Every structure is written in C-alpha cells, then in structure tokens.
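# Residue-level structural notes
What follows is the residue order along each chain.
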Amino acid sequence: MLPDKHGRYGRYGGRFVPETLIPALLELEEAYRRISREREFKEELAWYLKDYVGRPTPLYFARHLTAALGGPQIYIKREDLAHTGAHKINNTLGQGLLARRMGKKRLIAETGAGQHGVATATVAALLGMECDIYMGTEDIRRQRLNVIRMRLLGSKVIPVESGSRTLKDAMNETIRDWVTNVRHTHYIIGSVAGPHPYPMIVRDFQAVIGKEARAQIRKITGRLPQCLVACVGGGSNAMGLFHPFLNDPVRFVGVEAAGHGLASGHHSATLVAGTVGVLHGSFSYLLQDPWGNIQEAHSLAPGLDYPGVGPEHSYFKDTGRAEYVAVSDAEALEGFKLLSRTEGILPALESAHAVAYLQKLAPEYGKDDMIIVNLSGRGDKDMDAVAEALEVSGD
Amino acid sequence: MTRIDQVFKRLKAKREKALIPFITAGDPDLATTKALALEMVAKGADLLELGIPFSDPLADGPTIQAASNRAVQGGVHLAEVLKLTGEIRRETDIPLILMGYYNPIWQYGLERTAREAAVLGVDGFIIPDLPPEEAGPWRVAAAKAGVAAIFLAAPTSGAERIKHLGRLTRGFLYYVSVTGITGARMELPPDLVTALKEVRRLVKCPLAVGFGISTPEQVRWLAPYVDGIVVGSAIVQRVARLKGQELIREVGDFVAALKAPLRAR
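In this report, we go over the structure that sits alongside the text. Predicted, not measured: the structure shown is a model, and the values here were computed from it.

## A look at the overall build of chain A
- A tally of helices and strands in chain A yields 16 helices and 14 strands.
- In terms of overall dimensions, chain A has a C-alpha envelope of 55 × 45 × 45 Å along the principal axes.
- Taken across its 395 residues, chain A has 66% of its residues classed as buried.
- By element, 51% of the accessible surface of chain A is carried by carbon and sulfur atoms, the whole surface being about 13900 Å².
- A distance of 5 Å separates the average location of the 45 positive side-chain charges in chain A from that of its 45 negative side-chain charges.

Structure (structure tokens):
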C-alpha cells in the first residue's frame, strides 16, 4: 500500500521542507505508525467519533434529487451532519488525540473556509490544548462566522496578510510557526496535502467516510455503487470517500473548482489545468507560472481556493484510477439551489460543486445504477456569499 | 580546488573568518543588486549569497519575504538571476552562492540550472526546502556541472543527521542558528555556542552559521566557533529602507563593520 517508505505515491509526495522540520516529520511518522495500531488509541478514537462527532453519518437515499436528475439512484453521504458541520472533524480529532499522546501541548492549523480551523479549535477545546489558527484576511472577511466560532472555542485566529491572503498563504505562515515551535507544537494539516506523512495520516483518518459508506450501501442495497463523486480542493473528503473502495470496480470522480471558468485563469482546478512541481512540502500538481512561482487560485468556495492538491490524487490522475473534472462558480450555485430545493439540504459551496457535477454524470447511468456523492459540509457558513451571488434579500 | 574551498583555506591560514552577506536578487532591481554586491565585495565580503525570488518563501521571515515579493513583482526570475551572476563574475573572483527554493529550480530543470550556473560562474546553491532525503537528483546534477550543493543543518537535526549532512554537503555546512525562520534577532539562543562546538566536533568541512545574526557584536561572539557567518535580513532591511548612493554607502559601511571582528587579531 502506498505511500512507499519515502512517502511517495508513484512520483508524487515526498518531504520538501526545511531541515528543521525533518526530525519532527520522522518523529510524527514513527509515532503515528506505532500509536494508530494500539488498541487503546483505536477505542478512544472510535468512542469520540461515535459519541462526540455523531458517527456514523447517514447514507441518505436522495429520492427527490434522484427523480429530478432522472437517472441513477443518488445516495448522499451526510458529512454535513458531523459535529462542527463538515468532515474536517474526523481528521482533527484523530490528529489531536495523536498529538496528545505524543506529549505536544499546542496545536496550530491553517484554514481557508474556516471549517478546518473550527474543527481544530473544537478538538483543542475538547482536549484542553492551546490552539492558534492562521487564516488569510480575505478568508476572514468571507467567513466571519467561522472566525467568531473559533474565538468562542478559545482559539486565537491569526490574520495572514501575505500573498493572496487565502489558504495558501495561511499554510505558509503555519509552516513558519511550526519551524519555530516544532518542539512542543503539533501542526494539524487539514487536507491530504503537505509533506509526508501528512497525506497518509489525513487520508487514514478521513477513510472512516468511505468505510462507513461502503458498509452502508451494501447493507441497504446489497451492492456496491457504480460511481463516487466528491469535491477536491486539497482533496481530503474525496480521498476519505474513495480510498476504502480502491480495489472495487467503482468509478471515482473528483470535482475541482473552475471558478470563473478555466479559460479565465481564475480557477482552482489544479489537477485539470495545473502542472507538476513542489508546493508546501510535496511534489504534486499545482498552479504556477512558467518560472515556478505559485499562482493565486480562485473559487467562490473558500475551501477549494487552493493552488495545490494532495499527492495521492495526482497519482490517481496519472494512473487513471480517478478522473478529475471542474465545475464553475455559476454551476456550483445551480448545484446549491438544486439540493436545497429538492432535498431541503443547504450544502457547503464546496460540496455544491460535487452536487452540480451529478447533472453531467446522471445521463451516463441507468435507473439501477447508484452514485454516492459526498456532502462534505453544510452551507450555513456560506449564507452571506450565496445570498450575494444569488441576489437573495434578507429584508 | 573550488573557489569556495580556496577561500576557506586561505582565510584559515590567516586565522580569519568568512563574512557571507545575503541579499535578494532583483530587490529593488537587478542594477541595484549588482552595485550592492560589488560594494560588499569591496568592503570585506568573502563569499556572496544571492536569493532567487520566489512567491512562497516558507523558510523566510517577514524581511526576506517582502524582498522576495518585491523582486517577483518586478518580474525577476531564475534566468535573470543567473545572468546577473555572470555580470558580477566578470568583475570579481569571490565565490557566488545562490539561495533559492526548489520549485523554480525544478521548473527550470535541475541539470539546466546547474550547467548554466556553472558556466556563468556560480559556485554553489543553497536550497532550503530540499533536505537530503529529496536531494538525490539535484546532488547528481550539481556534481556533474561542478557547482556545490550546500546543505543546512538545524538545532533539531541531532548528531547522526549532522554527521550525515557534513558528509553530503559541498563547500561548507550551513548551520541554522535558531529553531525558526530567517530574520534579524536581538537575541540569539544562549546555547548556540555549545551547539556550534558540538557541530564542529561532528563535521570536518568548513562550518558557517546563519539566521538571525544582525550585529557586529553577535558576529564577534560567534566568530571563534565557526569558519563563516551569514548575515541576511539585517542587510535586506537596509535595502528596503534606503535608496541610491545612500543605500550603497550604508550597506558598504555595515559590511565593513560586520567583517572587522572576523579579521585576524
């Protein structure tokens, strides 16, 4: 099973970080391999996932959405119903418990949409750990409610003014903090990105999504689905859903953000339109200019607004195990409206990208076929942005 | 023997230590970088370190981030930095070292970068986000072209890694003084001298220390324990603040003041 001992997925992955961090990454890998196998740790994590996060999350047969699409049966994996409103808590809880066992006193994290920041702040409060969250000032403006949530949970939100003032820059700043405070601080990376062993650790903690979904659909229907669909920014919710189906004859579709359109240059479609290189510690697809400077990403969904992507997704792209497509801001808003009106579920703008792509996929399938779409988060955090984009008045 | 080896050997014979000033190439523009480089050589620099601008310099503090950003905004990239080093090389024999992040170098091509750099008179590269585990292809390309792949060691490295880094590195080993990013600091870690003595014991190659060193007093304090001292952010701060002849004069005076405690007594 990948990654190999160098942290590589084929040619992707690795550990491209300053020497100062290498011993910490080696220590983290060793601790993770040891602790994650301990029965006590597994029981503790399982207990929190059930009684605190509310797992398993339902696999919901979306009858009305299915009817509206007029093709395959659509099942929705309801990660939006997990505590804090998104799948991010699966990973922050796992890493938080791991960090505590490693004797770390402080947690740090980057956040874009604020969902990973909130999930990290939540776990810090739960475990009684100090916590600082780095967030670009552009995202702070777009996701004010999540900033308030993090502060109420007792974390400090540190504004990042550099670069595009979004997720990429928040991640740079978190890495700088970690380089400085590595001896007592654990960095909870929020996606299947970053240097080895993070893509592996985050994938493993998020794999609970796919393990549950696989068992649930077999219990409900006695079969496996034909296709899985999830949005991809860094790619953690998609990897979490896909990975347990790796050896099954099931199609994987990852949906990136095409922003204003791929031709406009204002998008976050790293796998669809990017080229390979090194960003934030791993070799993967990314958005860059011909000189290797990282380009700014764009998406209406702040959680997808990232110019990199997890290395295992790059591997899946090259091997053809998964296919990657892109959906524009406007199409994602249509997906948002579709799910809201048919099922009474307001999706996060990120997840709305996956929902939107169902409209393109549905005609390829018959009525006996099944598609699972990962609803990675709920839409409450996006109300201001959606209201503005769809010109919905609150008066 | 390479230019870097020769300089350390010559200084050692004189019981003198190397001053290695750093500035970001293209901040505020390439012509100023050239003028500053030549002034620093004239005022006592023994090796020169030039930064290749990059959009996301994650090992750097605010000062060098801002400098890198100014240069990127000015459209300066690796090919222009290489050309600049060629121009500087025509006027001085001082070892020229480029500091740059891995992605721009990988995009330009490892072999192409090393080959063109060698032809233009670059002596070595420091790539702060390329640890030895990932450096295999770069070490091959650098060795083939005859430029030094210079490695960094950190306070977190531990004895075994430091020994390993000491064997891998070419030219000198760059010891990072602090657990942290670049940037001028009022105070350096109190146990830095102990750490340097330990590194000295573990490696045979010349040893330079950098990160945070910003005053002649700090240089004087550390000089007995190393072969060279890198000063970056403290110079880059002056580049950000001053212009024209005033900038050149001020940086020249500062370099002279930093070099004074490194001369044989």
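## Remarks on the sheet that holds strand β6 (residues 152–153) of chain B
Residue and element names in this part refer to chain B.
- Strand order in the open sheet formed by nine strands is β5-β4-β3-β2-β1-β9-β8-β7-β6, and the pairing between neighbours is parallel. Taken across any chain shown, the strands that pair with only one partner, and hence form the sheet edges, are β5 (148–150) and β6.
- Sheet analysis places strand β3 (residues 96–99) next to strand β4 (residues 124–126), joined by three bridges and oriented parallel. By the bridge assignment, M99 is partnered in β4 with I126.

## Description of the environment of L152 of chain B
- As for its position among the elements, L152 of chain B is in strand β6.
- Relative accessible area serves as the criterion here: at 11%, L152 of chain B is assigned to the buried category.
- A C-alpha to C-alpha distance of 9.8 Å links L152 of chain B and G210 of chain B, two positions 58 residues apart in sequence.
- With sequence-adjacent residues up to four places away left out, L152 of chain B is seen in contact with E19 of chain A together with I126, I127, P128, L165, L173, Y174 and V176 of chain B.

## Remarks on the nonpolar core
- F125, W138, F172 and V231 of chain B are the most contacted members of the largest nonpolar core, which totals 188 residues.
- If you tally residues by element for this core, the top one is helix α1 (residues 22–35) of chain A, at seven residues.
- Ignoring anything within four residues of it in the chain, the contact list for F172 of chain B reads I4, F8, I20, L47, I97, I150, F151, C205, P206 and A208 of chain B.
- Formed by 26 residues, the second largest nonpolar core is a distinct cluster that contains V325, L339, A356 and I371 of chain A.

## Structural notes on helix α2 (residues 39–53) of chain A
Residues and elements named next belong to chain A.
- An ideal rise of 1.5 Å per residue puts 21 Å on 15 residues; α2 measures up with 20 Å between its terminal C-alpha atoms.
- When we look at burial in α2, the residues that qualify are F41, E44, L45, Y48, L49 and V53. Relative to the axis of α2, the buried residues are bounded by an arc of 130 degrees and lie together on one face. Facing away from the buried side of α2 by more than 90 degrees, the exposed set consists of R39, E40 and K50.
- Those residues of α2 hidden inside the fold are in contact with α1, α4 (88–101), α5 (115–127), α9 (198–206) and α10 (208–221).
- Looking at the residues trailing α2, positive phi occurs at G54, about 90 degrees.

## With respect to the packing of helix α3 (residues 62–73) of chain B against helix α11 (residues 233–241) of chain B
Residues and elements named next belong to chain B.
- Contact geometry for α3 and α11: axes closest at 9 Å, N-to-C directions at 50 degrees. As summarised for this structure, α3 and α11 are arranged oblique, according to the angle between their axes. Considering how the two elements wind past one another, α3 and α11 form a crossing that is left-handed. Counting all contacts with α3, which are made through T63, I64, A67 and R70, the residues of α11 involved are S233, V236, Q237 and A240.
- By residue class, the composition of the contact of α3 with α11 is four nonpolar, three polar and one charged.

## Some words on the side chain of E350 of chain A
- Secondary-structure assignment places E350 of chain A in helix α15 (residues 349–361).
- With sequence-adjacent residues up to four places away left out, E350 of chain A is seen in contact with A113, C231, A301, P302, G303, L304, K381 and D382 of chain A.

## Re the pairing of strand β9 (residues 228–231) of chain B
Residue and element names in this part refer to chain B.
- With burial as the criterion, each face of β9 is covered, one bearing G228 and V230 and the other bearing I229 and V231.
- Bridge analysis of strand β1 (residues 18–24) against β9 gives four bridges, and the strand direction is parallel. For L19, the partnering residue across the bridge sits in β9 and is I229.
- Bridge count between strand β8 (residues 207–210) and β9: two bridges; the pairing is parallel. Bridging across to β9, A208 finds its partner in G228.
- Chirality of the crossover, the property in question, places the unit of β8, helix α10 (residues 216–222) and β9 among those that are right-handed.

## Concerning the packing of aromatic side chains
- Across all of its chains, the model carries 20 aromatic pairs over all chains by this definition.
- Between W178 of chain A and Y198 of chain A the ring centres are 6.1 Å apart and the planes differ by 70 degrees, which places this aromatic pair in the edge-to-face class. You can see W178 of chain A sitting in helix α8 (residues 167–181) and its partner Y198 of chain A sitting in helix α9, a full 20 residues away along the chain. For the pair formed by W178 of chain A and Y198 of chain A, the shared burial category is buried.
- One aromatic cluster in this structure is built from Y12, F283 and Y285 of chain A together with W106 of chain B.
- For K317 of chain A, the ring lying beneath its charged end belongs to Y285 of chain A, and the centroid distance is 5.3 Å.
- For R112 of chain B, the ring lying beneath its charged end belongs to Y108 of chain B, and the centroid distance is 3.7 Å.

## Looking at the interface of chain B and chain A
- Listed as interface residues are 37 residues of chain B and, on the opposing side, 36 residues of chain A.
- When the two sides are added together, the surface that chain B and chain A hide from each other amounts to roughly 2800 Å², 56% of it contributed by carbon and sulfur.
- Its largest share of buried area at the contact with chain A, chain B owes to D56, L58 and E134 of chain B, together 22% of the area lost on that side.
- Applying the counting criterion to the chain B and chain A interface returns three salt bridges.
- In this structure, the salt-bridge partner of E134 of chain B is R8 of chain A, at a minimum N-O distance of 2.7 Å.
- Joining chain B to chain A, the criterion identifies 20 residue pairs in polar contact (both at pLDDT 80 or more).
- Elements with a contribution of two residues or more to the side of chain B that touches chain A: α3, α4 (78–89), α5 (102–108), β6 and α8 (158–168) of chain B.
- Of all the elements, α5 of chain B adds the most residues to the side of chain B that touches chain A, at six residues.

Cut-offs and rules
Residues numbered from 1 in each chain as written. Chains lettered and ligands numbered in written order. Predicted model: local features only at pLDDT ≥ 70, side-chain atom pairs only at ≥ 80, totals over all residues. Heavy atoms only, no water. Helix = DSSP H or I, 4+ residues; strand = E, 2+ residues; numbered from the N terminus. Buried < 20%, exposed > 50% of the residue type's maximum accessible area, 1.4 Å probe, protein only. Areas by Shrake-Rupley, 256 points an atom, 1.4 Å probe, with all protein chains shown as cover. Lys, Arg positive; Asp, Glu negative; His and termini not counted. Charge placed at Lys NZ, Arg CZ, Asp CG, Glu CD. Pairing = 2+ DSSP bridges. Contact = heavy atoms within 4.5 Å. Core = buried A, V, L, I, M, F, W, Y, C linked by side-chain atoms within 4.5 Å. Expected span 1.5 Å × (residues − 1). Arc of directions from axis to C-beta. Axes fitted to C-alpha atoms, helices over the stretch in contact; angles between N-to-C directions. Parallel < 35°, antiparallel > 145°, perpendicular 65-115°, else oblique. Left-handed = near helix turned anticlockwise from the far one by under 90°. Nonpolar A, V, L, I, M, F, W, Y, C, P; charged D, E, K, R; others polar. Right-handed = clockwise from strand over helix to strand, strands pointing away. Phe/Tyr/Trp six-rings, centres within 6.5 Å; stacked < 30°, edge-to-face > 60°. Lys NZ or Arg CZ within 6 Å of the ring centre and 35° of its normal. Buried area = accessible area lost by both parts, 1.4 Å probe. Salt bridge = Lys/Arg side-chain N within 4 Å of Asp/Glu carboxyl O. Polar contact = N/O pair within 3.5 Å; in protein donor to acceptor, adjacent residues only side chain to side chain.

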